[in-house]
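Each chain is listed here by its residues.
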Amino acid sequence: MTVNKHRQEFHGLPVFEFSGEADDAREQPAPGAVAWRIAVRYGSHTDFDALWKAFLDRVDPAEVRAVLIGPWWTRDYDSVGDTLATIVRDAERLPALEALFVADVTYDECEISWLEMTEVTAVATAFPRLAELVVRGGNGLALTPFRHDRLKVLRFETGGLPSTVVRAVAGSELPALERLELWLGVEEYGGDSTIDDLAPVLDGTRFPALRHLGLANSEYQDEIAAAVAHAPVVARLESLDLSMGVFSDEGAAALLEGQPLTHLRALDLHHHYLTDELQQRLREALPGVELDLSDAEDEDDPQDRYVAVAE
């Protein structure tokens with residue numbers, strides 16, 4: 001799997017790309033009617049600061065509800081640090097901001113593992129009304145535990161999520177959080193987390209409002225499944241995502257032998273290494289669950305198995 005196309009919708013709003021061009025003939029939508037994608041175009045002589053200033057000048061920022069940050073560099077994949085500092089600096093001008101996507105970048109713009117990230121705690125806490133935060137890329141990514149009373153959706157999309165970030169998420173106070181998704185990735189690209197790092201999430205002591213949990217894209221997906229099979233948090237979930245990793249018969253057997261999962265609305269296991277027998281057993285055990293078993297891989301040697309998103 002690669003991140004190979006721009007999203008058409010974010011936070012329930014259609015995405016509209018802000019060009020920054022004075023002669024853009026398109027009709028500009030109402031500030032709160034769309035999710036605004038701010039991206040430096042390839043070959044452009046305009047840097048992100050100039051583009052961001054034009055956005056704030058031409059669109060009433062007080063009514064903007066959602067923003068996506070696309071490519072921010074003019075050369076050499078510069079770190080997103082200065083870009084986020086600029087956004088945090090102007091946070092008071094965006095009092096209605098409910099959703100922020102950091103690095104809405106496709107593979108043809110930059111591979112996910114090449115994205116130069118930074119400390120993102122400040123941007124996570126700068127907007128009191130923020131309900132959804134998505135961060136793509138793990139290289140240089142840092143986070144410290146934080147509190148936010150309104151954040152409902154938190155997603156980190158990486159080819160390698162640092163264990164320090166996993167522990168910071170698990171140590172955060174997010175009483176409204178309903179959806180948590182972590183693309184854990186591989187050690188080669190900085191994904192050094194272990195099952196112990198996930199313990200505070202799985203034991204149910206964090207995030208009382210959680211209804212969807214995604215622990216995906218992992219090299220230790222079977223171990224995660226074994227922990228999930230007995231994790232207290234599962235009883236209050238409506239959906240569970242264990243997709244994109246090296247999930248195999250071992251993990252499926254652990255799920256089947258663990259606590260009932262029939263209360264789930266959906267279980268996502270796409271990109272897996274299950275035999276036909278275990279796929280059928282899952283279907284029979286979960287007849288009322290929306291079960292995604294697509295993208296079946298057939299590599300028999302465990303050493304040659306791979307996650308869906310790495311580089």
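Just so it is clear, the structure is predicted and the values come from calculations on it, not from any experiment.

Asks: Sorry, what's going on with the nonpolar core here?
Replies: A general feature of soluble globular proteins is that nonpolar side chains tend to end up buried together. In terms of nonpolar packing, the biggest core is built from 92 residues, with I38, W72, L100, F156, L180, L198 and L213 touching the most fellow members. Looking at this core element by element, the count peaks at six residues for helix α1 (residues 48-58). Contact partners of L213, with chain neighbours within four places excluded, come to L180, V201, L202, V233, L237, S239, L240 and D241. If you look at the next biggest cluster of nonpolar residues, it comprises eight residues, including L13, A66, L68 and A99.

Asks: I'm lost on the pairing of strand β9 (residues 212-218) in this one. Help?
Replies: Each regular strand shows side chains that alternate between the opposite faces of the sheet. Of all seven residues in β9, seven are buried, a share of seventy percent or more. Bridge count between strand β8 (residues 179-185) and β9: six bridges; the pairing is parallel. Bridge pairing links R179 to H212 in β9. When β9 meets strand β10 (residues 239-241), the two strands line up parallel, connected through three bridges.

Asks: Explain α1 here, please?
Replies: Helical periodicity: at 3.6 residues per turn, an α-helix aligns residues three or four positions apart in one direction. Where α1 is concerned, the buried positions are F48, L51, W52, A54, F55 and L56. For α1, the elements touching its buried residues are β2 (13-18), β3 (35-38), β4 (66-69) and α2 (81-89).

Asks: Teacher, can you tell me more about helix α4 (residues 163-170) here?
Replies: Most of α4 is tucked away, with six of its eight residues classed as buried. Among the structural elements, β7 (153-157), β8 and α5 (199-202) are those in contact with the buried residues of α4.

Asks: Is there a simple way to think about empty space enclosed by the protein in this case?
Replies: If a probe as big as a water molecule is rolled over the atoms, it shows which places are left empty. Here the structure, examined in full by the defined rule, presents one cavity of 30 Å³ or more. As a volume, the largest cavity reaches approximately 30 Å³. Taken together, I112, S113, G138, N139, T158, G159, G160 and Y189 form the lining of the largest cavity. Each residue belonging to the lining of the largest cavity can be placed in one class, and the counts come to two nonpolar, six polar and no charged.

Asks: Please clarify how the packing of aromatic side chains should be interpreted in this entry.
Replies: Centre distance and the angle of the planes are the two values used to describe a pair of aromatic rings. Taken as a whole and assessed by the stated rule, the structure comprises 11 aromatic pairs. Each ring, one from F10 and one from F101, has its centre 5.7 Å from the other, and the planes form 70 degrees; the classification is edge-to-face. Of this pair, F10 sits in strand β1 (residues 9-10) while F101 sits in strand β5 (residues 99-102), placing them 91 residues apart in sequence. Under the relative-accessibility criterion, F10 is labelled buried at 2%. F101 sits in the buried class, given a relative accessible area of 0%. Taken together through their ring pairs, the aromatic side chains of F16, F18, W36, F48, W52 and F55 make up a single cluster.

Asks: Can you walk me through the side chain of R37 in this structure?
Replies: Inspection of the secondary structure puts R37 in strand β3. On the basis of relative accessibility, which here comes to 2%, the residue R37 falls in the buried class.

Asks: How do you make sense of unusual backbone geometry when you look at a structure like this?
Replies: Most peptide bonds are trans, and most residues other than glycine sit at a negative phi. The phi angle at A103 is positive, at roughly 75 degrees, despite the residue not being glycine. Assignment of secondary structure puts A103 in the loop between β5 and α3 (121-125). Positive phi values are uncommon outside glycine, yet D295 reaches one of about 60 degrees. Following the sequence through the fold, D295 ends up in the segment after β12 (290-292).

Basis of the calculations
Residues numbered from 1 in each chain as written. Predicted model: local features only at pLDDT ≥ 70, side-chain atom pairs only at ≥ 80, totals over all residues. Heavy atoms only, no water. Core = buried A, V, L, I, M, F, W, Y, C linked by side-chain atoms within 4.5 Å. Buried < 20%, exposed > 50% of the residue type's maximum accessible area, 1.4 Å probe, protein only. Helix = DSSP H or I, 4+ residues; strand = E, 2+ residues; numbered from the N terminus. Contact = heavy atoms within 4.5 Å. Pairing = 2+ DSSP bridges. 1 Å grid on protein atoms, 1.4 Å probe; cavity = no way out; pocket = protein on both sides within 12 Å on 5 of 7 lines; lining within 4 Å. Points joined across faces, edges and corners; volume = space filled by probe spheres on them. Nonpolar A, V, L, I, M, F, W, Y, C, P; charged D, E, K, R; others polar. Phe/Tyr/Trp six-rings, centres within 6.5 Å; stacked < 30°, edge-to-face > 60°.

By themselves, these figures tell us nothing about what the structure is for.
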